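Here is what each chain is made of, one letter per residue.
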Amino acid sequence: MLRSTPPAHHDVDAAPAPDDQAGVLTDPPAEPGVLRRYRRAFTRFRRTRPFWGCLTLALGGWFVLKPVVGGSFKMIVQLGAGGMVVYLLGGAMILAAAIAMVAPAQRHFPAIMAAGSSVASLPLANLGGWLVGMFFGIVGSGLVFAWTPYTEAQLERFAERARQRDERRQNRRNGRNPHAAP
């Protein structure tokens with residue numbers, strides 16, 4: 001259906017929009033504290049878990065899976081049961097990383113199982129993902145196993161530093177210089 005008259009917002013008698021409002025919808029600028037809060041929340045999350053070990057372990061599992069997952073369906077069918085071993089070993093490494101990330105108190109058993117899967121991937125899964133997957137799996141599982149949570153003294157030190165940082169920030173907002181002579 002054709003419209004014979006232009007819509008009302010294109011009317012000739014309508015005043016043009018100012019240049020800064022010329023049909024452009026902009027979001028209000030992000031509050032500077034929002035990014036800081038997200039970064040601190042992520043840092044707090046990362047400090048309470050074996051983050052880098054889990055990341056390294058999952059990367060190793062990906063390298064073990066990569067040759068099989070990237071292949072065609074015909075290749076997967078030709079591999080048969082041998083291809084399933086690759087999925088089991090790579091999947092076990094990634095699953096162990098996820099379990100250690102979600103439940104850091106239960107990190108020892110998944111780390112041991114991931115180390116076993118990493119070593120077993122050498123003869124069973126394309127030389128352990130071209131040796132790279134096996135290397136990342138062994139290093140990652142070692143990092144996960146060796147990780148320890150912070151002690152109470154360390155947590156108190158972190159809280160004291162955060163309190164001092166907030167106090168300095170509050171003094172700057174109020175215009176007081178803590179280093180100036182009274």
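Residues numbered from 1 in each chain as written. Predicted model: local features only at pLDDT ≥ 70, side-chain atom pairs only at ≥ 80, totals over all residues. Heavy atoms only, no water.

According to the stated counting rule, one finds 6 aromatic pairs in the structure shown. A ring pair is formed by phenylalanine 51 and tryptophan 52, whose centres lie 4.9 Å apart and whose planes are at 80°; its orientation type is edge-to-face. You can call phenylalanine 51 buried: its relative accessible area is 13%. For tryptophan 52, a relative accessible area of 51% puts it in the exposed group. Here the aromatic residues Trp62, Phe63, Phe135 and Phe136 are joined through ring pairs into a cluster of three or more. Over the aromatic face of phenylalanine 158 sits the side chain of arginine 47, whose NZ or CZ is 4.5 Å from the ring centroid. (Phe/Tyr/Trp six-rings, centres within 6.5 Å; stacked < 30°, edge-to-face > 60°. Buried < 20%, exposed > 50% of the residue type's maximum accessible area, 1.4 Å probe, protein only. Lys NZ or Arg CZ within 6 Å of the ring centre and 35° of its normal.)

Taken together, the side chains of Arg36, Arg39, Arg47, Arg157, Arg161, Arg165, Arg168, Arg172 and Arg173 make up a positively charged region of the molecular surface. Where the positive patch is concerned, the elements lending two or more residues are α1 (32–47) and α8 (152–173). Sort the elements by how many residues they give to the positive patch and α8 lands first, with 6 residues. Here arginine 47 is to be found in helix α1. Since its relative accessible area comes to 34%, arginine 47 is described here as partly exposed. (Patch = residues over 30% accessible without salt bridge, like charges linked within 9 Å, V, L, I, M, F, W, Y side chains within 5 Å. Areas by Shrake-Rupley, 256 points an atom, 1.4 Å probe, with all protein chains shown as cover. Salt bridge = Lys/Arg side-chain N within 4 Å of Asp/Glu carboxyl O. Lys, Arg positive; Asp, Glu negative; His and termini not counted. Charge placed at Lys NZ, Arg CZ, Asp CG, Glu CD. Helix = DSSP H or I, 4+ residues; strand = E, 2+ residues; numbered from the N terminus.)

For helix α7 (residues 132–146), with 15 residues, the first-to-last C-alpha span of 21 Å sits near the 21 Å given by 1.5 Å per residue. Buried residues belonging to α7 abut α2 (51–69), α4 (81–102), α5 (108–124) and α6 (126–130). (Expected span 1.5 Å × (residues − 1). Contact = heavy atoms within 4.5 Å.)

Our next topic: the pattern of salt bridges. Scanning all chains against the criterion turns up 3 salt bridges. With its nearest N and O atoms 2.9 Å apart, the salt bridge here joins arginine 163 to glutamate 167. Linking arginine 163 with glutamate 167, this pair stays in helix α8, spanning 4 residues, or about one helical turn. Its relative accessible area of 43% is what places arginine 163 among the partly exposed residues. For aspartate 166, the salt bridge identified is with arginine 169, shortest N-O distance 3.3 Å. Taken together, the positions of aspartate 166 and arginine 169, both in helix α8 and 3 residues apart, correspond to about one turn of that helix. Among the charged side chains, a salt-bridge network with shared partners connects Glu160, Arg163 and Glu167.

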